[in-house]
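Each chain, written out:
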Amino acid sequence: MTMREKIEEAAARYPDQRSAIMPALRIAQTEHGHLPGPVLEEVANILGVERIWVYELATFYTLFHTEPVGMFHLQLCDNVSCMLCRSEDLLRHLEEVLGIKKGETTPDRLFTLSTVECLGACEMAPVMQVGDDYHGDLDIARIDALLDRLRTEARQATGADLALAAPPGDYRHV
């Protein structure tokens, strides 16, 4: 099934095409790994909606990426509950062990490190989202174990899995 067909199928569930923008963006991002301008335009064209509506949602929500991200996008919460539980120390540790700063991607394109305003999981503070998974009650030892596990997953990944970490401008499925 093509991306267009998937978006059209998803859009059929909504009474208004504008309501289908978020599911369409999710489909497009799954297909392309991120949402560069041409992909946002394609989504708008498929749905028949204003491009600005698509752009607004793609740039507002942290689950959408207009720039390439690593195979594993580490999103550390830095809101009050997590901050009080020392998320700043975890951020410094992540920057040190990965050799990158917040907002950057490792040279091997395995990890992108970001902070997010709130993950809505204060009961697990400090918390970090990796892909669709939440990891809570974090400390340095748990962070190190998680990074080791993710590196092992990456080594076991097939070439198809690595397509998500394609270099900028590589629109494999357009």
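The rules behind the values
Residues numbered from 1 in each chain as written. Predicted model: local features only at pLDDT ≥ 70, side-chain atom pairs only at ≥ 80, totals over all residues. Heavy atoms only, no water. 1 Å grid on protein atoms, 1.4 Å probe; cavity = no way out; pocket = protein on both sides within 12 Å on 5 of 7 lines; lining within 4 Å. Points joined across faces, edges and corners; volume = space filled by probe spheres on them. Nonpolar A, V, L, I, M, F, W, Y, C, P; charged D, E, K, R; others polar. Phe/Tyr/Trp six-rings, centres within 6.5 Å; stacked < 30°, edge-to-face > 60°. Lys NZ or Arg CZ within 6 Å of the ring centre and 35° of its normal. Helix = DSSP H or I, 4+ residues; strand = E, 2+ residues; numbered from the N terminus. Buried < 20%, exposed > 50% of the residue type's maximum accessible area, 1.4 Å probe, protein only. Contact = heavy atoms within 4.5 Å. Salt bridge = Lys/Arg side-chain N within 4 Å of Asp/Glu carboxyl O. Axes fitted to C-alpha atoms, helices over the stretch in contact; angles between N-to-C directions. Parallel < 35°, antiparallel > 145°, perpendicular 65-115°, else oblique. Left-handed = near helix turned anticlockwise from the far one by under 90°.

Q: I'm lost on the layout of surface pockets in this one. Help?
A: Empty space among the atoms becomes visible once a probe the size of a water molecule is rolled across them. Within this model, the second largest pocket holds a volume of roughly 190 Å³. Lining the second largest pocket we find 16 residues, and of these Thr-62, Phe-64, His-65, His-73 and Ser-114 sit closest to its centre. Counted by class, the lining of the second largest pocket contains 7 nonpolar, 8 polar and 1 charged residues.

Q: Please explain the packing of aromatic side chains as it appears in this structure.
A: The description of an aromatic ring pair uses the distance of the two centres, along with the angle that the planes make with each other. Summed over the entire model, instances satisfying the criterion amount to 2 aromatic pairs. Arranged with centres 4.9 Å apart and planes meeting at 90°, the rings of Phe-60 and Tyr-61 form a pair that is edge-to-face. Lying across the ring of Trp-53, Arg-18 places its NZ or CZ 3.9 Å from the centre.

Q: I tried to follow the environment of Leu-147 on my own but got confused; where do I start?
A: Residue placement: Leu-147 occurs in helix α7 (residues 140–156). Under the relative-accessibility criterion, Leu-147 is labelled buried at 2%. Taking C-alpha positions, Leu-147 is 9.4 Å from Val-97, a pair spaced 50 residues apart along the chain. Among all residues touching Leu-147, those that are not within four sequence positions of it are Leu-74, Leu-94, Val-97, Leu-98 and Phe-111.

Q: I would appreciate a short explanation of the pattern of salt bridges in the present structure.
A: Opposite charge on two side chains permits pairing when their charged atoms draw close. A full pass over the atoms with the stated rule returns 8 salt bridges. Where Asp-132 meets Arg-26, a salt bridge forms, and the shortest distance between an N and an O atom there is 2.8 Å. Here Arg-26 lies in helix α2 (residues 21–32) and Asp-132 lies in the loop between β3 (128–130) and β4 (133–135), a separation of 106 residues in the sequence. With relative accessibility at 33%, the residue Arg-26 sits in the partly exposed group. A salt bridge links Arg-92 to Asp-89; the shortest N-O distance between them is 2.3 Å.

Q: In this structure, what is going on with the packing of α2 against helix α4 (residues 51–60)? I would like to understand it.
A: Each pair of packed helices gets described by two things: the angle between the helix axes and the distance between those axes. Put simply, α2 and α4 touch, their axes get as near as 10 Å, and they point 70° apart. Judged by the angle between their axes, α2 and α4 are roughly perpendicular. α2 and α4 meet at a crossing whose hand is right-handed. Contacts between α2 and α4 involve Ile-21, Met-22 and Leu-25 on the former and, on the latter, Trp-53, Val-54, Leu-57 and Ala-58. For the contact of α2 with α4, the class distribution of residues is 7 nonpolar, no polar and no charged.

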